[in-house]
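# Residue-level structural notes
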Amino acid sequence: MDRELGSAQVLKKHIHSICQMKLLGLYQSSAKAMIALRRESIDLIFLDVGLPDQKLMVYLNELVNPPKVIFTSSNKNRSIEAFSFNALDYLSKPILYDRFLESLTRYFNHYYFKSHELNGLNKEYLYFKADRKMIKVFIENINYIECFKDYIVIHSVDQKQIRVKQTLCSTEALLPKHLFVRVHRSFIVAVNRISAFSSKEIEIGDVSIPIGRNYGHISEQLLQGEI
């Protein structure tokens, strides 16, 4: 298999693991990428540093609402070149899943939710795939999220539970950092839903959620108002 094609397939697999993302295409030339940009409304591009030419970069800069760009490359020395184009992030190949999630965290926290605010939306939301359909979940309605092996359960203020086949790590990457905190390898909680806490657990209403061994700093940060 061609090395670059293999890298593209790895990235494709990463993207498909996030149900909130829709892959519109893979392109191996700038010309084909420009055609897709004219045809589709695209929010985010993963772009190989070896692919773009001046025509593509000029075209991106001329767009009224250009997509955010995350550069990828097997040459670590190209990172400076990538950021000269005001890239959101730079991923070195092979693209590790944890590093991919880190880039998504940056995108969702700094651009996705902000764009909703700029468009006058009062409520922020995400779509989760459950029961063979995409369900809109308003961020402000989430109490906590629980993990069970290869799926999560979203617990909402209306007591509704939504089961989603997605990892807790990928879900954490999508949530606003100032509103949610990971307190255990199996739990993420909404900060504004916390009614009480101790060094060992957090209470949300009548539900007690354990604070994991590696998350002992959480109670201190809550006490100091740092979360």
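Residues numbered from 1 in each chain as written. Predicted model: local features only at pLDDT ≥ 70, side-chain atom pairs only at ≥ 80, totals over all residues. Heavy atoms only, no water.

A separate point is the confidence of the model for the protein. Looking at the protein, pLDDT values average 84 and 86% of them are 70 or higher. Per-element mean pLDDT across the protein ranges from 61 in helix H4 (residues 79–83) up to 98 in strand E10 (residues 187–190). Confidence over residues 116–122 falls short of pLDDT 50; this stretch has three contacts with residues more than four positions distant or in other chains. (pLDDT = per-residue confidence, 0-100. Helix = DSSP H or I, 4+ residues; strand = E, 2+ residues; numbered from the N terminus. Contact = heavy atoms within 4.5 Å.)

Turning next to the side chain of Thr171. As for its placement among the helices and strands, Thr171 is situated in helix H6 (residues 168–174). Setting aside residues up to four positions removed in sequence, Thr171 forms contacts with Phe128, Ile145, Ile152 and Gln166.

Taken together, the three strands give an open sheet; going across it, the order is E11-E12-E13, and neighbouring strands pair in antiparallel fashion. Sheet topology places strand E11 (196–197) and strand E13 (207–210) at the edges, where each strand pairs with a single neighbour. With four bridges joining them, strand E12 (residues 201–204) and E13 adopt antiparallel strand pairing. Residue pairing across strands places Glu203 opposite Ser208, the latter belonging to E13. (Pairing = 2+ DSSP bridges.)

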